[in-house]
Amino acid sequence: MKLPSRRAFLKTAAVAGGTVAGLNATAKAAPKNVLSPERNGVLVDTTVCIGCRSCEYACRIAHDLPSPPLETYGDKTVFNEMRRPDSGALTVVNRYDNPKKADLPYFVKAQCMHCDHPACVSACIVGAFSKQENGSVIWDTDMCIGCRYCMVACPFQIPSFEYDKAIQPEIRKCDFCISRTSENKLPACVDVCPVEALTFGPREEIIRIAKQRLTTYGDRYVHHVYGEYDAGGTGWVYLAGRDFADLKFPKLGTSPAPGVSEAIQHGIFAYFVPPVLLYAILGAIMWMTKTRNEEA
Amino acid sequence: MEAHMKPTPIKARFLTPGVLVLILLAVNGIAFLVGRFFFGIGAVTNLNDQYPWGLWIAVDVAAGVALAAGGFTTAALGHVMHREEYHAIIRPALLTAMLGYTFVAVGVCVDIGRWYFVWHPLIMWNGSSALFEVGICVMIYMTVLYIEFIPIITERFIGKVNFPGILGKLNRPLDRLLRVLDRGLNTTMFVFIIAGVVLSTLHQSSLGTLMVIAGAKMHPLWFTPILPLLFLLSAIAVGFPMVIFESTLAARSFKLKPETEILGKLGGMVAPILGVYLAFKLGDMFIRETFVYLAELNTASVMWTIEVVVGVVIPLRMFLSPSVLRSPALTFTAATLVVFGVALNRINNFIIAYDPPYDLQAYFPSIGEISVTVGFIALLTLMYRAYVMIFPVISVPEDRPAIQAKYAIRSEKS
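Residues numbered from 1 in each chain as written. Chains lettered and ligands numbered in written order. Predicted model: local features only at pLDDT ≥ 70, side-chain atom pairs only at ≥ 80, totals over all residues.

**Thoughts on the overall build of chain A**
Item 1. Helix and strand counts for chain A stand at nine helices and nine strands.
Item 2. Expressed as a percentage of its 296 residues, the buried residues of chain A come to 42%.
Item 3. Within chain A, residue pairs in contact and separated by at least 24 positions form 62% of the contacts whose partners lie at least 6 positions apart. (Helix = DSSP H or I, 4+ residues; strand = E, 2+ residues; numbered from the N terminus. Buried ≥ 20, exposed ≤ 12 C-beta atoms within 10 Å, placed from the backbone. Contact = placed C-beta atoms within 7 Å.)

Here you go:
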């Protein structure tokens with residue numbers, strides 16, 4: 001390769017540097033990720049749930065997912081195996097033993113936790129996920145490329161993918177019934193629950209209720225509101241009668257779900273300074289070694 | 001000594017028994033690919049909601065990017081630091097990188113659910129996503145690699161564009177285009193070369209950041225906040241071994257004399273880099289005290305031990321020995337071990353270390369996934385063979401009678 005003169009070198013390098021700097025000016029695009037003080041949440045009291053699975057049915061109907069007839073939901077044999085939300089069921093209920101009262105097992109509803117600092121929003125390559133003002137973490141089908149990095153990132157293992165579709169496979173997860181809540185209706189599962197195991201409301205309010213229950217009925221619960229601080233805080237919070245680890249809740253600590261990855265990412269790209277600096281250093285080395293070679 | 005080495009298209013028969021086997025493997029892979037595009041990812045893979053990423057991401061993408069690192073490491077050595085004696089290996093490394101990244105891009109398209117939206121990251125930006133950064137850098141770097149390859153095309157075809165029949169009308173404009181490209185790139189190529197090195201350091205490290213966000217699901221033997229640094233160091237460390245690996249294989253396949261002297265000197269630089277990588281990997285292990293997990297006997301501890309002992313420690317010891325560097329066979333063996341080690345590291349990070357909280361069914365790659373990956377490697381090898389036979393990539397002594405280098409219009413040295 002022929003190297004250009006010193007003057008041409010500087011000129012071209014300046015143009016290249018300017019292009020990179022120009023990129024920086026437009027690099028403000030980021031997915032919507034608001035943490036409104038009015039954001040909603042749901043309190044799931046697993047000591048109240050009776051495992052009727054009405055919420056599973058209501059969820060399917062609300063999201064136009066195929067559902068078996070309502071009568072079949074009484075079948076208790078489904079509890080023999082642990083189930084997880086998938087592309088055909090955005091929420092599922094699992095059964096766990098109650099060591100204090102064997103005939104009153106605990107039922108735990110699983111769905112998207114609607115994190116305050118969602119890993120999926122941070123991870124998504126195109127920003128198809130967003131945290132809305134009302135607390136919902138939702139997914140935009142028009143942007144998604146189907147890379148499934150959200151599934152890798154989610155600490156609760158929630159997003160699900162339609163592996164059997166060749167065209168327009170979707171990422172499916174609970175959307176906090178955003179179409180219903182925007183019409184001032186309750187989320188389908190909260191609406192249908194016959195025993196009021198689910199309490200919908202502003203997150204601050206439901207956490208206050210949760211703590212109130214902990215003080216009023218102290219021996220009914222383990223003293224922990226799962227999701228108040230776990231994973232940096234979640235929209236859906238849980239009360240339970242036995243240790244959350246026994247109910248297969250992941251132990252995540254209190255730092256936000258995206259963890260240090262954003263710090264690393266923004267460190268490497270701090271206003272494009274490190275890449276531009278590296279470019280300049282390499283350019284300098286290239287130039288100096290060239291001059292040295294010519295003198296030699 | 002190396003001055004009379006000149007990049008020249010290799011004259012050989014394309015079809016050999018080995019090539020036939022590669023063609024069969026490629027066809028087999030393509031057959032499964034057809035299944036994937038008609039019936040969905042689930043039809044040919046064992047991927048599920050617990051394991052969203054599998055063999056394709058680990059090998060086709062992550063290992064593919066790492067093993068294409070020879071492109072930027074040799075460019076840094078030969079072009080940026082002006083170590084002219086290494087010029088003979090820059091073009092083969094560039095070709096490997098160019099084909100490697102092309103297959104990474106194809107691999108990504110195969111793995112993502114909506115391959116027709118693969119361009120979305122170009123206009124939909126998420127600055128906090130490590131994957132976005134990897135995606136953008138890989139796209140730009142691939143373009144840079146193609147640009148870096150243009151001079152090889154112009155060198156081959158200037159004054160030789162000769163389409164027959166009706167296409168003959170295109171001969172003159174095409175030739176002029178080649179000359180314009182050649183002249184333009186001659187003065188601006190250094191911009192692309194430096195950009196290539198910068199882009200590589202960025203996305204090689206960001207590939208490590210990818211799994212940081214999955215921290216809670218990652219096995220502690222691999223998970224560390226310095227994953228990006230480890231990925232970058234291992235990518236730099238595997239660059240020269242990959243060049244040794246691929247040059248030796250190409251030389252054997254075409255019955256050329258291997259460039260023992262250059263490859264030996266290149267090998268001499270591997271040990272320090274590999275040593276730094278090992279120091280960081282072990283240092284991190286001791287600071288986070290994750291060595292306790294090696295006391296358990298399970299898949300993770302076994303895979304970690306193989307990765308570090310066979311893939312790093314043994315080749316490091318070998319590259320430190322002068323007698324190894326004098327022997328092409330031993331240098332090749334050591335280089336192969338490094339390539340194996342880094343590839344295994346990527347597989348470990350993306351598959352073995354990934355431990356989802358609700359593990360309803362375990363993951364092992366399906367026949368379809370393995371077929372597609374093997375098919376891609378076969379296809380890449382075939383394309384490499386075709387390219388070095390068409391374009392002046394591999395350097396051979398100029399005085400070989402069979403290859404008149406009359407179309408090499410420029411000398412390699414500036």
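Next comes the rest of the account.
**Details of the overall build of chain B**
Item 1. Helices and strands together make up the secondary structure of chain B, namely 15 helices and two strands.
Item 2. By the compact-globule yardstick of 22 Å for 414 residues, chain B fits well, its C-alpha radius of gyration being 22 Å.
Item 3. Projected onto its principal axes, the C-alpha coordinates of chain B cover approximately 65 × 55 × 45 Å.
Item 4. For chain B, the proportion of its 414 residues judged to be buried stands at 51%.
Item 5. Sequence separation of at least 24 residues holds for 82% of the intrachain contacts in chain B that already meet a minimum separation of 6. (Rg over C-alpha atoms; globule rule 2.2 N^0.38 Å.)

**Some words on unusual backbone geometry**
Residues apart from glycine generally show negative phi values, whereas peptide bonds are mostly found in trans.
Item 1. Positive phi, normally seen in glycine, also occurs at lysine 248 of chain A, with a value near 65°.
Item 2. For lysine 248 of chain A, the position within the fold is in the loop between strand S9 (236-239) and helix H8 (261-268).
Item 3. With phi around 55°, histidine 82 of chain B is a residue other than glycine that occupies positive phi space.
Item 4. Considering the arrangement of structural elements, one finds histidine 82 of chain B in the loop between helix H4 (70-80) and helix H5 (87-111).
Item 5. Given 22 C-beta atoms within a 10 Å radius, histidine 82 of chain B is considered buried.

**Concerning helix H2 (residues 54-62) of chain A**
Residue and element names in this part refer to chain A.
Item 1. Those residues of H2 that sit buried are Cys55, Glu56, Tyr57, Ala58 and Cys59.
Item 2. Against strand S2 (92-96), strand S3 (106-110) and helix H6 (188-192) lie the buried residues of H2.
Item 3. With its phi angle positive at about 55°, aspartate 64 sits one or two positions after the end of H2.

**Notes on the interface of chain A and chain B**
Item 1. Listed per partner, the contact involves 63 residues of chain A and 60 residues of chain B.
Item 2. Put simply, the parts of the chain that give the side of chain A that touches chain B at least two residues each are helix H1 (6-26), helix H3 (119-123), helix H4 (149-153), strand S6 (160-161), H8 and helix H9 (273-295) of chain A.
Item 3. In terms of residue class, the side of chain A that touches chain B is made up of 42 nonpolar, 13 polar and eight charged. (Nonpolar A, V, L, I, M, F, W, Y, C, P; charged D, E, K, R; others polar.)

**Quick look at the confidence of the model for chain A**
Residue and element names in this part refer to chain A.
Item 1. Of all residues in chain A, 89% attain a pLDDT of 70 or more, and the chain-wide mean is 88.
Item 2. The least confident element of chain A, judged by mean pLDDT, is H1 at 49; the most confident is S9 at 97.
Item 3. Predicted confidence for residues 18-28 stays below pLDDT 50, and this span has seven contacts to residues more than four positions away or in other chains. (pLDDT = per-residue confidence, 0-100.)

**Things to note about the domain arrangement of chain A**
Item 1. Annotation of chain A at the domain level lists domain 1 (6-30 + 271-295) and domain 2 (31-259).
Item 2. A separation of 48 Å is found between the C-alpha centroids of domain 1 of chain A and domain 2 of chain A. (Domains from an automatic or database assignment.)

**Some thoughts on the confidence of the model for chain B**
When pLDDT is low, close inspection of the predicted coordinates is not appropriate.
Item 1. Taken over all residues, the pLDDT of chain B has a mean of 90, while the share at 70 or more is 95%.
Item 2. In the predicted structure, residues 400-414 of chain B sits below a pLDDT of 50 and forms 20 contacts with residues beyond four places in sequence or in another chain.

**With respect to the sheet that holds strand S8 (residues 198-202) of chain A**
Residues and elements named next belong to chain A.
Item 1. Spatial strand order, S8-S1-S9: three strands in an open sheet with mixed pairing. Two strands close off the open sheet at either side, each with one partner strand: S8 and S9. Neighbour to neighbour, the strand axes of the sheet diverge by 20° on average, direction disregarded. (Pairing = 2+ DSSP bridges. Axes fitted to C-alpha atoms, helices over the stretch in contact; angles between N-to-C directions.)

**Thoughts on the packing of helix H7 (residues 130-157) of chain B against helix H8 (residues 171-209) of chain B**
Residues and elements named next belong to chain B.
Item 1. Axis separation between H7 and H8 bottoms out at 7 Å; the angle between their running directions is 150°. Taken as axis vectors, H7 and H8 run roughly antiparallel relative to one another. Taken as a pair, H7 and H8 cross one another with a handedness that is left-handed.
Item 2. Among the residues making up the contact of H7 with H8, the classes are represented as 21 nonpolar, six polar and three charged. (Parallel < 35°, antiparallel > 145°, perpendicular 65-115°, else oblique. Left-handed = near helix turned anticlockwise from the far one by under 90°.)

**What to know about the pairing of strand S1 (residues 40-45) of chain A**
Residue and element names in this part refer to chain A.
Item 1. Counted residue by residue, S1 has six buried out of six residues, so it is predominantly covered.
Item 2. Of the two faces of S1, the one holding Asn40, Val42 and Val44 and the one holding Gly41, Leu43 and Asp45 are both buried throughout.
Item 3. Looking at chain direction, S1 and S9 are connected through four bridges and run parallel. Residue pairing in the sheet places leucine 43 in a bridge with valine 237 of S9.

**Some details on the pairing of S3 of chain A**
All names here are of chain A.
Item 1. Buried residues dominate S3, accounting for four of its five residues.
Item 2. Where S2 and S3 come together, five bridges link them in antiparallel fashion. Within the sheet, the bridge partner assigned to valine 92 lies in S3 and is alanine 110.

**Re the environment of proline 228 of chain B**
Residue and element names in this part refer to chain B.
Item 1. Note that proline 228 resides in helix H9 (residues 227-253).
Item 2. By C-beta crowding, proline 228 is classed as buried, having 25 other C-beta atoms within 10 Å.
Item 3. On a C-alpha basis, the gap between proline 228 and leucine 202 in space is 9.3 Å, while along the polypeptide they are 26 residues apart.

**As for the packing of helix H3 (residues 55-67) of chain B against H5 of chain B**
Residues and elements named next belong to chain B.
Item 1. Look at H3 against H5: their axes get within 9 Å of each other, and the N-to-C directions meet at 160°. Judged on the interaxial angle alone, H5 and H3 are roughly antiparallel. H3 and H5 meet at a crossing whose hand is left-handed. In this structure, H3 uses Trp56, Ile57, Asp60, Val61, Gly64, Val65 and Leu67 to contact H5, whose residues at the interface are Gly100, Phe103, Val104, Gly107, Val108, Val110 and Asp111.

**Looking at H4 of chain B**
Item 1. Here H4 of chain B lies mainly inside the structure; 11 of its 11 residues are buried.
Item 2. A positive backbone phi angle near 55° is found at histidine 82 of chain B, which sits one or two residues after H4 of chain B.

**As for the environment of leucine 233 of chain B**
Residues and elements named next belong to chain B.
Item 1. As for its position among the elements, leucine 233 is in helix H9.
Item 2. As a C-alpha pair, leucine 233 and proline 9 span 224 residues in sequence and 34 Å in three-dimensional space.
Item 3. Every residue in contact with leucine 233, bar those within four places of it in the chain, is listed here: Val276, Tyr277 and Phe280.

**Things to note about the environment of phenylalanine 192 of chain B**
Residue and element names in this part refer to chain B.
Item 1. By secondary structure assignment, the location of phenylalanine 192 is in helix H8.
Item 2. By the C-beta count within 10 Å, which is 21 here, phenylalanine 192 ends up buried.
Item 3. Remark: the alpha-carbon pair of phenylalanine 192 and leucine 99, spanning 93 residues in sequence, is separated by 18 Å.
Item 4. For phenylalanine 192, the contacting residues outside a window of four places in its chain are Val144, Ile147 and Glu148.

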